Amino acid sequence: MGVRLAKNGSYGAAKPYLEKAVARVTQNHTRALDAAPEYYLALVERGLAATAADAEMHLKRAEDLFWRCTWRLTHKKESYVEIARIAALKGDFAEALARIDDALALGQDEAKLWTMKGIFLRKLKVGGKSSSSRKEEQIPLSNSNSQLQLEMPIMQNPQDALSRAIACDPLEYWAVAERDGLAAAEKNRGLKAQQLLECVSDYWGIGAWDEVIALCDAALAKAAAEKPYKTEGALPLKDTLAACDSYKNALFGYFKGAALEKLEKLKVGEKSSSSRKVEQIPLSNSNSSLQLVRSNSKLQLARDAYVAANAMPTDYCFPNRLEEEEVLMMAAKTAPELANTWYYLGCCEWNHDRKDAGLADWKRCVELCEKASATHNSAYALALRCIGFALSHPGTYFTNTGVPSGVPSREAYEYYLKSLEADPGNFRTLDEAGKLAEKLNLPAAERLALMEKYRSTVDKYDPCILRLAYTYNAVGRYAEAHEILTTRRFHVWEGADGLLAPFVESCIGLGKAAMEKGDYKTALKYFEESTTYPANLQAGRPGDAGTEPKSRYFMAQCKKALGDAAGYKAELENSLKGWIHAGEMDYWRVKALRELGRDAEVAPLVAELRQAIKELESPQPVVINAYAKFAGDNSAMERAAKAREKAGELRKLLEEIEK
């Protein structure tokens, strides 16, 4: 439990669990046989140092625990790496270099470790201590394995260490960026902005604030030179790729501002002491010197960077790293009036399973936008959508109506409606609103009114237009559903049952309407069409009889009315061909058999229909459904509700044929 919470950044909640684990493993031993509990507790203490007022105490505890972990082989190398990071944060690069060499002695060919060594060597040279003048004992190797020490080359040139990193992994972005610059690193695979953000996070972890600022400035300069792009609608593939690869990511501005804050706090600390001590490590959200005179200070520049980041588009900014959450927390404290910051922070917290905090921050974003009359801001619509999503998905939050989140509520639906008003063109918001409306069992007419209000948005997305077709059928407007399903080319994925069902329903609905008017020829045409599989739907013929028994039965009635006795009987016989799944098709076959005078063959079909109802009404076993992705629309609770609904429909059919 402690590890799970620690990985999500819930350090305060993780600490008691890990302390209990440490107490257990050290109960009978001075040093734990397994260092894992102490290692994770050390990570938690270091994480707490980023936000706590007593940061010095937490960081000292972390360092002590990491040193304890070096007494055991498990987590030994990782602990040396973390001690090196802490030393780098203090500015003690000689110590950082010594500890990274300890780690390298345990794993020589790890690209990131060689990259860190190259950076620490460069920092020592920049600081006036040339590597050539450093004595051999200034690069102490691990005392645990003398053979490895003899075999490992002691590289004292930053370029040599970085070249070794790239030899280990030619795609090591951090090493390429450090040795050859950003232009060379861009040639690696992946999305440019995300790779650069990963590199920025690496520099952030060792307190390389100047490097963070330089890389962010380079990214922001590239973003300013990019042409504006669209993110929705029918775009050429090259434009879509260009938009995805954009540097227009607000996180670069936030990282720059946070790094400037770190430098300002570091400068303040250096004024109070001639040497850099633990308390001078720049820690986010610390209470020191936030009320300094802001003119011509890095703190004012940091605030300016946050304001500029807040003004950037939200299109391709998806914060999820713990470093990004720390940066956003700093920005939220320094400039709490910036709405977008709270939206991004809420996304991080929700992703890290702190759902209540995420929901609260999204609401803060909405409040700030409404207060500033900035409801045109894209973050406003997105935050409203996220609130609707949060209230209708699992969590611990309770709505003001007492309905727990994760249960469909009208409150969640209203947030979706507000989001659509703010951003009418967002088809994904409309799709989620439509799903929620169905879960709420809202009247079909009300659901249809919403989709017709945003019809141009519906046309952008196959699931939305399919939902519109279903809803047209539900209100009896079969012609409009039929037009959609015979003219639009759908692009299906993992099956096409959802497309074929409304098509068949629209054809049968139009056929029955024609029968009521006495136009049996037109009705027959629609019933025959219901047995086809249009290419635009990309739906193939199933292995079973599908819904043909129903279509064939109505075709028989039309031929009977047109005086075609042979055709009438042939279609009744055709309705009995092929195997069927137990359910509604049993009902139509019973009707066909009775009209053929073969009542003796009815009993097995009635029994099959009863068995189908029984299975639907029986409690379902607790199983993992591979198709219920991400606990989404096909959850166990929803499957049970749909089963009960289907059972009720089949029971009505059973009652009719039993009369």
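In case you missed it, the structure is sitting above this.
Rules of the game
- Residues numbered from 1 in each chain as written.
- Predicted model: local features only at pLDDT ≥ 70, side-chain atom pairs only at ≥ 80, totals over all residues.
- Heavy atoms only, no water.
- Phe/Tyr/Trp six-rings, centres within 6.5 Å; stacked < 30°, edge-to-face > 60°.
- Buried < 20%, exposed > 50% of the residue type's maximum accessible area, 1.4 Å probe, protein only.
- Lys NZ or Arg CZ within 6 Å of the ring centre and 35° of its normal.
- Helix = DSSP H or I, 4+ residues; strand = E, 2+ residues; numbered from the N terminus.
- Arc of directions from axis to C-beta.
- Contact = heavy atoms within 4.5 Å.
- Axes fitted to C-alpha atoms, helices over the stretch in contact; angles between N-to-C directions.
- Parallel < 35°, antiparallel > 145°, perpendicular 65-115°, else oblique.
- Left-handed = near helix turned anticlockwise from the far one by under 90°.
- Nonpolar A, V, L, I, M, F, W, Y, C, P; charged D, E, K, R; others polar.

Trainee: Quick question: what am I supposed to make of the packing of aromatic side chains here?
Mentor: Two descriptors summarise a pair of aromatic rings, namely the distance from one centre to the other and the angle between the planes of the rings. Enumeration over the complete set of coordinates arrives at 20 aromatic pairs. Judged by centre distance (6.0 Å) and plane angle (75°), the ring pair of Tyr-553 and Phe-554 falls under edge-to-face. As far as the burial class goes, Tyr-553 and Phe-554 line up, both buried. Clustering of aromatic rings is evident, with ring pairs tying together Phe-527, Tyr-553, Phe-554, Tyr-587 and Trp-588. It is Arg-364 that lies over the ring of Trp-342; its NZ or CZ is 4.4 Å from the centre. Between the NZ or CZ atom of Arg-488 and the centre of the ring of Phe-490, over which it lies, the distance is 5.7 Å.

Trainee: I would appreciate a short explanation of helix H23 (residues 444–453) in the present structure.
Mentor: Within an α-helix, residues lying three or four positions from one another point in the same direction, as the helix has 3.6 residues per turn. For H23, the full list of buried residues reads Ala-444, Arg-447, Leu-448, Leu-450 and Met-451. Down the axis, H23 shows its buried residues gathered within 155° of arc, on one side only. For H23, the exposed residues lying more than 90 degrees away from the buried face are Ala-445 and Lys-453. Looking at the buried positions of H23, the neighbouring elements they touch are helix H21 (410–422), helix H22 (427–439), helix H24 (455–458) and helix H25 (462–474).

Trainee: Would you mind showing me how to read the environment of Val-25 here?
Mentor: Locating Val-25 in the fold gives a position in helix H2 (residues 11–25). Take Val-25: its relative accessible area is 25%, and that puts it in the partly exposed class. For the pair Val-25 and Ala-35, spaced 10 residues apart in sequence, the C-alpha to C-alpha distance is 8.6 Å.

Trainee: Where do I start with the packing of helix H3 (residues 36–49) against helix H4 (residues 55–69) in this structure?
Mentor: A pair of packed helices is characterised by two quantities: the angle between their axes and the separation of those axes. Remark: H3 packs on H4, axes separated minimally by 8 Å, with the N-to-C direction vectors making an angle of 160°. In terms of orientation, H3 lies roughly antiparallel with respect to H4. Considering how the two elements wind past one another, H3 and H4 form a crossing that is left-handed. Together, Glu-38, Tyr-39, Leu-41, Ala-42, Leu-43, Glu-45, Arg-46, Leu-48 and Ala-49 of H3 and Ala-55, His-58, Leu-59, Arg-61, Ala-62, Leu-65, Phe-66, Arg-68 and Cys-69 of H4 make up the contact between the two elements. Of the residues that constitute the contact of H3 with H4, the class distribution is 12 nonpolar, 1 polar and 5 charged.

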